[in-house]
Amino acid sequence: MPSMGGLDLLRQLHVKKHLYEAIVMTGHESLQDARNAMELGAVSYVGKPVKHEELMRHVRAALEQVAVNERELAYRENLEREVRARTKELEETLRLTEFQSRRLDMRGLVADRVNEVLRRYPDKAVRVTGIE
Amino acid sequence: MSDALGCVIDNAVKFSPDRGEVLISVRAIGSGTIDISITDHGVGIAPDKVERIFDWLTQSEDHLTRTQGGIGLGLALAKRAMELIGGAIEVKTETGTGSTFVLHVPTATGEMAITDAS
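These notes cover the structure that comes with them. Along each chain, residues carry numbers from 1 onward, in the same order as the chain's sequence is written. Key to labels: chains lettered from A, ligands numbered from 1, both in the order written. Local features in a predicted model are, by the rule used here, given only for residues with pLDDT of at least 70; side-chain atom pairs are given and counted only at 80 or more, and totals for whole chains, interfaces and linings are based on all residues.

By the criterion used throughout, residues are in contact when their C-beta atoms, derived from the backbone, lie within 7 Å. On the side of chain B, 27 residues touch chain A, which itself brings 24 residues to the contact. Put simply, the parts of the chain that give the side of chain A that touches chain B at least two residues each are helix 3 (52–120) and strand 3 (127–129) of chain A. A total of 15 residues in the side of chain A that touches chain B trace back to one element, the largest contributor, which is helix 3 of chain A. Residues of the side of chain A that touches chain B, tallied by class, amount to 12 nonpolar, two polar and 10 charged. Here strand 3 of chain A pairs with strand 1 (residues 21–29) of chain B via three bridges, running parallel. Its bridge partner lying in strand 1 of chain B, Thr129(A) is registered against Leu23(B). Strands here mean DSSP runs of E at least two residues long; helices mean DSSP runs of H or I at least four residues long; both are numbered from the N terminus. Gly counts as polar in this scheme, as do all residues outside two lists: the nonpolar Ala, Val, Leu, Ile, Met, Phe, Trp, Tyr, Cys and Pro, and the charged Asp, Glu, Lys and Arg. Strand pairing requires that DSSP identify at least two bridges connecting the strands.

Looking now at the sheet that holds strand 4 (residues 98–106) of chain B. Strand order in the open sheet formed by five strands is 3(A)-1(B)-2(B)-4(B)-3(B), with mixed pairing between adjacent strands. The open sheet has two edge strands, strand 3 of chain A together with strand 3 (88–94) of chain B, and neither has a second partner. Looking at each pair of strands side by side, their axes are set apart by 15° on average, direction ignored. Running over the sheet, helix 3 of chain A touches strand 3 of chain A together with strand 1, strand 2 (33–40) and strand 4 of chain B and is turned about 160° from strand 1 of chain B. What counts as an axis is a line fitted to C-alpha atoms, over the stretch in contact for a helix, and the angles between N-to-C directions run from 0 to 180 degrees. Docked against the sheet, helix 1 (residues 2–14) of chain B engages strand 1, strand 2, strand 3 and strand 4 of chain B, running at close to 20° with respect to strand 2 of chain B.

The next point concerns the packing of helix 3 of chain A against helix 1 of chain B. It is the contact of helix 3 of chain A with helix 1 of chain B, at a shortest axis distance of 9 Å, that shows an interaxial angle of 45°. Here helix 3 of chain A is positioned oblique relative to helix 1 of chain B, judged by the angle of their axes. Handedness of the crossing formed by helix 3 of chain A with helix 1 of chain B: right-handed. Here Leu109(A), Val110(A), Arg113(A), Val114(A), Glu116(A), Val117(A), Leu118(A) and Arg120(A) of helix 3 of chain A come into contact with helix 1 of chain B, specifically with Ser2(B), Leu5(B), Gly6(B), Ile9(B), Asp10(B) and Val13(B). For the contact of helix 3 of chain A with helix 1 of chain B, the residue count by class is eight nonpolar, two polar and four charged. The labels follow the angle: roughly parallel below 35 degrees, roughly antiparallel above 145, roughly perpendicular from 65 to 115, and oblique for the rest. By convention, the crossing between two helices is left-handed when the near helix turns anticlockwise from the far helix through less than a right angle, and right-handed when the turn is clockwise.

For the bond from Lys48(A) to Pro49(A), the omega torsion is -5°, close enough to zero to count as cis. Within the element layout of this structure, Pro49(A) appears in the loop between strand 2 (42–47) and helix 3. Even without glycine at this site, Ala125(A) takes up a positive phi of about 55°. The phi dihedral of Arg19(B) falls on the positive side, at around 60°, and the residue is not glycine. Counting other C-beta atoms within 10 Å of each residue's C-beta, where C-beta atoms are placed from the backbone, gives the exposure class: buried for 20 or more, exposed for 12 or fewer, partly exposed between. Look at Arg19(B) and you get exposed, because 9 C-beta atoms sit within 10 Å.

We now examine helix 1 of chain B. Spanning 13 residues, helix 1 of chain B covers 18 Å between terminal C-alpha atoms, matching the ideal 18 Å at 1.5 Å per step. Burial runs high along helix 1 of chain B: 11 of the 13 residues are buried. What helix 1 of chain B keeps buried is the set Ala4(B), Leu5(B), Gly6(B), Cys7(B), Val8(B), Ile9(B), Asp10(B), Asn11(B), Ala12(B), Val13(B) and Lys14(B). For helix 1 of chain B, the elements touching its buried residues are helix 3 of chain A together with strand 1, strand 2, helix 3 (74–84), strand 3 and strand 4 of chain B. A helix's residues, less one, multiplied by 1.5 Å, set its expected span.

Shown next as structure tokens:
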């Protein structure tokens, strides 16, 4: 390519982080280039000239991979949504449980104080209601 | 918090007539506060004294009979204790009818207060 090499383009695209796939076609095949292309996320590395049928085979493989990527992404997003929703539900349940528990503890605390006070005023015969 | 509660209950019983009744309720308000309300049917507090009952230097003797004694610094301490835990205390009262004190207890500190009391 005139402005940058194919491998540089691959680096800029961050292929693995996206849904699209890359096929590298080159007129200067080398083992090192092929290895680099694969490491950078290319799905195929093809030397020119390439026959139409062979190119179509690589394109079909790339499209299949794109479909897999889309399914994986959808599954992951769904899973993350599900986990977030369940976590929120659990947190809410836990919060309510703790709250109820504190309310019960508070009633116990009130009852203790009431008993202390009533012992202080045995002759008044005051009746305390509401926390039985 | 426990001391504040004890102080308010003590007052309610002290200022109730003999064989009177004190009504206490513990209610969850929303998800962050527990309200404890203590209602007595004692002499109540005169309107011009209500605002001063939580002051440090107010003895609030005027509305009491001799046999009941004074509130002293109890309510001032109770108010300060409630503020320290991020809560509040308020009173509704009517002379001759009685008083209702409400302690607003934030639940985050409810646990702390109970631990302190134990």
